[in-house]
Amino acid sequence: MGAKNHPYKSKKEVYAAMEGNEAMITRLKTYDSSIVIRPLDKSVRQFKESQICKYECGSRVSSSYRDSQIKSVQSARDGY
């Protein structure tokens, strides 16, 4: 089960996916309070998969630019 094809629904699922990898679990626990699992947002997913994002966020630009564009879509959705 991977997050890309089957998004996690809870932190418990994230930890279960790392079962047996104590180093990763320990590292994840460091950030546990910052982790928020939300339901899949279809508008963000559509943006990520759209031709606009592929053009605007393609290999010509850094992944930080792509991430900032996705974050702006999420912030607008959440009202932040």
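Here the structure is shown first, and the text comes after it.
Now for a description of the structure that goes with this document. This is a predicted model, so every value here is computed, not measured.

1. Re the overall build of the protein chain
Working step 1: For the protein chain, the helix and strand inventory stands at five helices and zero strands.
Working step 2: Traced from its N-terminal end to its C-terminal end, the protein chain shows the element sequence α-α-α-α-α.
Working step 3: Here the protein chain, with 80 residues, has 15% of them falling under the buried criterion.
Working step 4: Counting only contacts in the protein chain whose residues sit at least 6 apart along the sequence, the fraction spanning at least 24 positions is 39%.
Working step 5: Summing over all exposed atoms, the protein chain offers an accessible surface of approximately 6,500 Å²; the carbon and sulfur share of this is 53%.

2. Structural notes on the environment of Val73
Working step 1: Note on placement: Val73 falls in helix α5 (residues 63-78).
Working step 2: Between the alpha carbons of Val73 and Phe47 there is a distance of 8.5 Å; along the sequence they are 26 residues apart.
Working step 3: Look past the residues within four positions of Val73 in its chain and what remains in contact with it is Val44 and Phe47.

3. Details of the pattern of salt bridges
One side chain can pair with another of opposite charge once the charged atoms of both are near each other.
Working step 1: Tallying each qualifying case throughout the model produces one salt bridge.
Working step 2: Here Lys11 ties to Asp32 by a salt bridge, and the two come within 3.5 Å at their closest N and O atoms. Of the two residues, Lys11 sits in helix α1 (residues 11-17) while Asp32 sits in the loop between α2 (22-30) and α3 (42-49), which places them 21 residues apart along the sequence.

Conventions used here
- Residues numbered from 1 in each chain as written.
- Predicted model: local features only at pLDDT ≥ 70, side-chain atom pairs only at ≥ 80, totals over all residues.
- Heavy atoms only, no water.
- Helix = DSSP H or I, 4+ residues; strand = E, 2+ residues; numbered from the N terminus.
- Buried < 20%, exposed > 50% of the residue type's maximum accessible area, 1.4 Å probe, protein only.
- Contact = heavy atoms within 4.5 Å.
- Areas by Shrake-Rupley, 256 points an atom, 1.4 Å probe, with all protein chains shown as cover.
- Salt bridge = Lys/Arg side-chain N within 4 Å of Asp/Glu carboxyl O.

Functional significance is not addressed by these values, which are geometric in nature.
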